Amino acid sequence: LDTGLPKEGETVVVSGAAGAVGGVVGQIAKIMGCRAIGIAGGAEKCEYIVNDLGFDDAIDYKNESVQDGLGRTCPDGVDVYFDNVGGEILDTVLTRINLHARIVICGAISQYNNTIAPKGPANYLSLLINRARMEGIIVFDNAANYGTATVEMAEWIAEGKLKAKEHIVEGIENFPDTLMMLFRGENFGKLV
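Undergrad: Please explain the overall build of the protein as it appears in this structure.
TA: Within the protein one finds seven helices and eight strands. Taking 192 residues into account, the globule formula puts the C-alpha radius of gyration at 16 Å, and the protein, at 16 Å, falls close to it. Projecting the C-alpha coordinates of the protein onto the three principal axes gives extents of approximately 50 × 40 × 35 Å. Residues classed as buried in the protein amount to 40% of the 192 residues present. Considering only intrachain contacts with a sequence separation of at least 6, the fraction spanning at least 24 residues in the protein is 58%. For the protein, the computed accessible surface area is about 10500 Å², with 57% contributed by carbon and sulfur atoms. Between the mean site of the 16 positive side-chain charges and the mean site of the 26 negative ones, the protein shows a separation of 4 Å.

Right under this line is the structure:
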């Protein structure tokens, strides 16, 4: 909320939308009165974020180009982009941002296992042309607000406005394969 500054009526796009962070971000966008568009991999995840989490629409990056999906779901452009994956998806979203858009960089899972240095976005001039800003955040940046956020989010959960999902895998012997599930995009919600 403090970095993306979503305003009622704006379009918020979230990558990694079926994951723990992305799913919460899209739901909070809806609570704030925004249109929430999620980017996820596979029909099942896209159905989950629309039908279970209440996103307005989804882009299945495995079965549709992100560029085409943004044209379909965001005909008036993107006001806030919450990025969990980086790479080509970030680069593509930058081609669709509106004047004074806010891009929140929370993760770059597409870059984590690179054997070469990550490449920055080729479409960064869109930030200049649109007088947009891009800012990175990590969870500890907002530690002073944890208490307030916990109370507010608990109220939203109690009211049915916010849903939390855990993907639980049992057994320490399964840890290596479970960790790799994150990088293969196989989890729904928080992987525990």
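Undergrad: Could you clarify how one ought to interpret the layout of surface pockets in this entry?
TA: To find leftover empty space, one rolls a probe the size of a water molecule over the atoms. By volume, the second largest pocket is sized at about 220 Å³. Along the wall of the second largest pocket there are 14 residues; nearest its centre are G87, Q111, K119, G120 and P121. Top contributing element to the lining of the second largest pocket by residue count: helix 4 (residues 87-94), with four residues. A breakdown of the residues in the lining of the second largest pocket according to their chemical character gives five nonpolar, five polar and four charged.

Undergrad: Can you walk me through the side chain of D79 in this structure?
TA: With respect to the secondary-structure elements, D79 resides in strand 4 (residues 78-83). Comment: no salt bridge for buried D79; closest opposite-charge side chain is R102, at 5.5 Å. Here N98 takes part through its side chain, which lies 3.0 Å from a polar atom of the side chain of D79. If near-sequence neighbours (up to four positions away) are discounted, D79 is found in contact with E10, T11, N98, A101 and R102.

Undergrad: Would you take a moment to explain the pattern of salt bridges for this structure?
TA: Pairing between side chains of opposite charge can happen when the charged atoms of each approach one another. Counted by the stated rule, this structure contains six salt bridges. A salt bridge links D56 to K30; the shortest N-O distance between them is 2.9 Å. One end of the pair, D56, is in the loop between helix 2 (43-52) and strand 3 (57-60); the other, K30, is in helix 1 (residues 20-31), and 26 residues separate them in sequence. Owing to a relative accessible area of 35%, D56 belongs among the partly exposed residues under this scheme. In this structure, the salt-bridge partner of E64 is R72, at a minimum N-O distance of 2.8 Å. Assessed through its relative accessible area of 22%, E64 is described here as partly exposed. Among the ionic contacts, a cluster of salt bridges with common partners joins D57, E64 and R72.

Undergrad: What is the right way to look at the sheet that holds strand 3 in this model?
TA: Neighbouring strands of a sheet are bound in pairs by backbone hydrogen bonds; such pairs are parallel or else antiparallel. One open sheet accounts for six strands, arranged 3-2-1-4-5-6; its pairing is parallel. The sheet terminates laterally at strand 3 and strand 6 (133-136), the two strands that pair on one side only. Neighbour-to-neighbour, the strand axes of this sheet turn through a mean angle of 15 degrees, independent of strand direction. Across five bridges, the pairing between strand 4 and strand 5 (residues 97-105) is parallel. Considered in strand 5, the bridge of V78 is made with I97. Strand contacts of helix 3 (residues 66-73): strand 1 (11-15), strand 2 (35-40), strand 3 and strand 4, with the helix running at about 165 degrees to strand 3, the strand carrying the most contacts.

What counts and how
- Residues numbered from 1 in each chain as written.
- Predicted model: local features only at pLDDT ≥ 70, side-chain atom pairs only at ≥ 80, totals over all residues.
- Heavy atoms only, no water.
- Helix = DSSP H or I, 4+ residues; strand = E, 2+ residues; numbered from the N terminus.
- Rg over C-alpha atoms; globule rule 2.2 N^0.38 Å.
- Buried < 20%, exposed > 50% of the residue type's maximum accessible area, 1.4 Å probe, protein only.
- Contact = heavy atoms within 4.5 Å.
- Areas by Shrake-Rupley, 256 points an atom, 1.4 Å probe, with all protein chains shown as cover.
- Lys, Arg positive; Asp, Glu negative; His and termini not counted.
- Charge placed at Lys NZ, Arg CZ, Asp CG, Glu CD.
- 1 Å grid on protein atoms, 1.4 Å probe; cavity = no way out; pocket = protein on both sides within 12 Å on 5 of 7 lines; lining within 4 Å.
- Points joined across faces, edges and corners; volume = space filled by probe spheres on them.
- Nonpolar A, V, L, I, M, F, W, Y, C, P; charged D, E, K, R; others polar.
- Salt bridge = Lys/Arg side-chain N within 4 Å of Asp/Glu carboxyl O.
- Polar contact = N/O pair within 3.5 Å; in protein donor to acceptor, adjacent residues only side chain to side chain.
- Pairing = 2+ DSSP bridges.
- Axes fitted to C-alpha atoms, helices over the stretch in contact; angles between N-to-C directions.

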